[in-house]
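Geometric and topological summary
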Amino acid sequence: ILNVEQSPQSLHVQEGDSTNFTCSFPSSNFYALHWYRWETAKSPEALFVMTLNGDEKKKGRISATLNTKEGYSYLYIKGSQPEDSATYLCAFSPGTSYGKLTFGQGTILTVHP
Amino acid sequence: AAGVIQSPRHLIKEKRETATLKCYPIPRHDTVYWYQQGPGQDPQFLISFYEKMQSDKGSIPDRFSAQQFSDYHSELNMSSLELGDSALYFCASSLFRGRGNTIYFGEGSWLTVV
């Protein structure tokens, strides 16, 4: 059974704060790590797909890093805005089964104006 | 941009009935995935198809079957429904299963079994 853990479970920040959360995953049989942003009643929005150790990806104010040797990824949000409020999910792709994602339980981010 | 389309969005069925969920992938995407998310749980992988052939199988009950058609849309058929089948069912699609390809999710279909 694959174990994908996210922390913290929830986070409350003020508008303008920078924040980060963690996704830990098995370091063996790693193939890819996906980050999604999910708002209630909407489809999960794909943020990043990360495959290489040391990868850093950026999309606007959101960035992510990957360490496959120790099995973790960080997601950073710079200057949080109320519209960043959502659940952030990471999902692990094992080798040879790319789409057989194992999800973490998510980090619920609330940004207060 | 076109996204993954799922229908119906909401479905209410009685125990022992049959339900069919449909998924229309993003145009030109050849791979479709199905996930089930029960109340308070993470999404769980059910099954996937690549070029109309089953490519991976997860914890899909024998009462469920799925297929991908020539136009790449997919259907998930669920028979002899049980109360525990009540869940949010996601469909996702990608272009091939290549490493690094983004997997795009639909909004999900809510199934309630009463």
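Residues numbered from 1 in each chain as written. Chains lettered and ligands numbered in written order. Predicted model: local features only at pLDDT ≥ 70, side-chain atom pairs only at ≥ 80, totals over all residues. Heavy atoms only, no water.

**Considering the nonpolar core**
- Counting residues in each nonpolar core, the largest one holds 23 residues, and the members touching the most others are Phe25(A), Leu33(A), Trp35(A), Phe48(A), Leu75(A), Tyr88(A) and Leu109(A).
- Those elements that provide at least two residues to this core are β2 (10-14), β3 (19-24), β4 (30-38), β5 (45-50), β7 (62-67), β8 (72-77), β9 (86-94) and β11 (107-112) of chain A.
- Looking at this core element by element, the count peaks at four residues for β9(A).
- Setting aside anything within four residues of it in sequence, one finds Leu109(A) in contact with Leu11(A), Val13(A), Thr19(A), Phe21(A), Ile77(A), Asp84(A), Ser85(A), Ala86(A) and Tyr88(A).
- Counting residues in hydrophobic clusters, the runner-up holds 22 residues, among them Val4(B), Val32(B), Leu46(B) and Val113(B). (Core = buried A, V, L, I, M, F, W, Y, C linked by side-chain atoms within 4.5 Å. Buried < 20%, exposed > 50% of the residue type's maximum accessible area, 1.4 Å probe, protein only. Helix = DSSP H or I, 4+ residues; strand = E, 2+ residues; numbered from the N terminus. Contact = heavy atoms within 4.5 Å.)

**Some words on the state of the cysteines**
- Here the structure, examined in full by the defined rule, presents two disulfides over all chains.
- The partner cysteine of Cys23(A) in its disulfide is Cys90(A), sulfur to sulfur 2.0 Å. A torsion of 75° about the S-S bond marks the disulfide between Cys23(A) and Cys90(A) as right-handed. Of this pair, Cys23(A) sits in strand β3 while Cys90(A) sits in strand β9; the two residues are 67 residues apart in sequence, bridging distant segments of the chain.
- Paired by a disulfide, Cys23(B) and Cys91(B) hold their sulfur atoms 1.8 Å apart. Because the sign of the S-S torsion sets the handedness, a value of about -60° for the bond joining Cys23(B) and Cys91(B) places this disulfide among the left-handed ones. (Disulfide = S-S within 2.5 Å.)

**A look at the interface of chain B and chain A**
- Each partner contributes to the interface: chain B provides 22 residues, whereas chain A provides 21 residues.
- The contact between chain B and chain A buries some 1800 Å² in all, and 60% of this surface belongs to carbon and sulfur atoms.
- Looking only at chain B, the three residues that lose the most surface to chain A are Arg99(B), Ile103(B) and Phe105(B), adding up to 34% of its buried area.
- Between chain B and chain A we count zero salt bridges in total.
- Counting only elements with at least two residues in the side of chain B that touches chain A, the list comes to β4 (31-37), β6 (53-57) and β9 (87-94) of chain B.
- For the side of chain B that touches chain A, the leading source of residues is β4(B), giving three residues.
- Considering only residue class, the side of chain B that touches chain A consists of eight nonpolar, seven polar and seven charged. (Buried area = accessible area lost by both parts, 1.4 Å probe. Salt bridge = Lys/Arg side-chain N within 4 Å of Asp/Glu carboxyl O. Nonpolar A, V, L, I, M, F, W, Y, C, P; charged D, E, K, R; others polar.)

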